[in-house]
Amino acid sequence: MDKFLVRGGRPLKGKIEISGAKNSALPCLAATLLTAETVTLHNVPYVRDLITQRRLLEDLGATVLTPELRTHKVTANNVQIFEAPYELVKTMRASVLALGPLLARFGQAKVSLPGGCAIGTRPIDLHLKAFEALGAVVSLESGDVIARAPDGRLKGAELAFEKVTVTGTENVMMAASLAEGTTIIRNAAMEPEVVDLADLLNKMGARIRGAGTDTIEIDGVETLGAAEHTIIPDRIETGTFIVAAAITNGELEIKNCVPEHLSPVIEKLREAGVEIEEINPSTLLVKRSAGGLKAKDVTTEPHPNFPTDMQAQYMALMTQADGTSVVTETIFENRFMHVGEMQRMGADIHVAGNTATVKGPAKLTGAKVIASDLRASASLVLTALAAEGETLIDRVYHIDRGYETIVRKLRSVGADIERLSDSAVEAEAA
Ligand code: UD1
């Protein structure tokens, strides 16, 4: 298993280009199953989860061409299989996004239940209830969800999610696009990725209004067609690099981002003493403010509030801020796996239930740590960049799921980070 070796204490300086949003590219690739015509997606990030999603499409029978590394041309005119198998779903939960399109276009779908993951139980009951509202018959057999549209086509309906769910909203939006009649989704997720998916679907001929608000209306159409779409920049990658500039006391120009997609993050980081200047609509200039980093509490909540996907990185920053901050996680029940690892590096963090109290600034020193999930991995890289000495981060395959060429990007702005493959680690030990 690959590891990262980080020698911390160097301020990062230079320019970083943000890649396409993983969490937008995943549903957009799933949406290509809704039509027999070719859908072309640009700015698809080259990360493990997207390689997995592409494999799923190919396993189902779609043709995926990549004339360029980040351009996918998908033609799903020969889909013979309507199933996302356990082997794929267990490595990537987002494969459940195939359920809505398959059910809507072919009237049937089988998807393995994802089960638990490192950050919590993460059920898909809300997706399934919503499909039932659209007339699907859903059953569970041997760990697989089997959904059918009894008359071959789903029926539009009015439904309200009990809890805001991002992929749930996306799954239903895709399914409802081909349903008969109008669907109204209340308490819908308002994340920028939901809006990006709606933009793609509308280009394919869907009739979706209200994406980005908590009520989405979809007039179902009989068929969808070809479209070309560019995936939005990754707001979580952007936020991670903002923290990288601040935690190392460096200065980064972050290019090709959409600042308004991460306004709750930018607002909180400014309060915490990070100077973030919008030098043009897609470029940020980031450094610590003269007054230094200040402890500020944060609570994760659905968009437009502070995202859970930035919680671990924010906590890394708070270990270096002056004072005590309380980080409250309300979305996932087990998303403090990074805390124990940060403590090994000298962070002063106390966890009680879903809150973590961070006292800073702590003197961080390099250590051997283990990455437990995607965003936790990013937070450990950030902590390591701020620590004195060497940090060896194990299980970095998690970070490869969602951060494109993170080692290359960090090295290009002066970080001392390298990837060690197992053989290299063994060679060092010998
Ligand atoms: C998406 C993101 C993930 C992010 C999360 C929250 C993708 C591919 N992933 O995940 O990076 O951390 O949003 O912003 O876009 N829930 C249920 N039943 C359901 C569905 C969800 O109880 O059927 C719960 C979850 O366990 C969680 C909360 O609802 O507590 C929100 O989860 P949800 O928004 O669905 O997360 P994902 O869409 O899986």
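What counts, and where the lines are drawn
In this numbering scheme, every chain counts its residues from 1 along its sequence in written order. Thresholds applied to this predicted model are a pLDDT of at least 70 for local features of residues and 80 or more for the giving and counting of side-chain atom pairs; totals over whole chains, interfaces and linings are not thresholded and use all residues. Remark: hydrogens and water are excluded; side-chain values derive from all non-hydrogen atoms of the structure. Domain boundaries shown here were taken from an automatic or database domain assignment. In what follows, a contact means two residues having at least one pair of non-hydrogen atoms within 4.5 Å. Once two parts are brought into contact, the accessible area they lose, counted with a 1.4 Å probe and summed over both, makes up the buried area. When a carboxyl oxygen of Asp or Glu is within 4 Å of a side-chain nitrogen of Lys or Arg, the pair counts as a salt bridge. N or O atoms closer than or at 3.5 Å make up a polar contact, with two conditions inside protein: a donor-capable atom paired with an acceptor-capable one, and, for residues adjacent in sequence, both atoms drawn from side chains. Charged means Asp, Glu, Lys or Arg here, nonpolar means Ala, Val, Leu, Ile, Met, Phe, Trp, Tyr, Cys or Pro, and polar covers whatever is left, Gly included. Residues are classed as near a molecule or strand on a simple rule: at least one heavy atom within 4 Å of it. Accessible surface area values rest on a Shrake-Rupley calculation with a 1.4 Å probe, where residue burial reflects the displayed protein chains alone. Working definition: helices are DSSP H or I runs of at least four residues, strands are E runs of at least two. Numbering for both runs from the N terminus.

> Sorry, what's going on with the domain arrangement of the protein chain here?
By a frequent convention, interface size equals the accessible area lost on bringing the separate parts together. In terms of domains, the protein chain is made up of domain 1 (3-19 + 233-420) and domain 2 (22-230). Taken over C-alpha atoms, the centre of domain 1 sits 30 Å from the centre of domain 2. The partner domain 2 presents 20 residues to the 22 residues of domain 1 that form the contact. Taken over both partners, the interface formed by domain 1 and domain 2 buries close to 1,800 Å², and the fraction arising from carbon and sulfur atoms is 51%. Of all residues in domain 1, H303, R401 and E404 give up the largest surface area on contact with domain 2, accounting jointly for 33% of the area buried on that side. Our enumeration of links across domain 1 and domain 2 arrives at three salt bridges. The residue E404 makes a salt bridge to R70 at a minimum N-O spacing of 3.0 Å. Where domain 1 meets domain 2, there are seven residue pairs in polar contact (both at pLDDT 80 or more). Residue composition of the side of domain 1 that touches domain 2, by class: six nonpolar, six polar and 10 charged.

> For this particular structure, what's the right way to read the site of the ligand?
Not every one of the 19 residues close to the ligand is listed here, only the nearest: L126, T165, T167, D309 and I331. Within the backbone of L126, one N or O atom sits 2.7 Å away from an oxygen atom of the ligand. Against a free-state accessible area of 740 Å², the protein chains account for coverage of 89% of the ligand. Breaking the shell around the ligand down by element, the ones donating at least two residues are α1 (22-31), α5 (125-133) and α6 (166-177). At three residues, the largest contribution of residues to the shell around the ligand is made by α5. The residue inventory of the shell around the ligand, partitioned by class, reads eight nonpolar, five polar and six charged. There are two domains that each give the shell around the ligand at least three residues, and those are domain 1 (3-19 + 233-420) and domain 2 (22-230).

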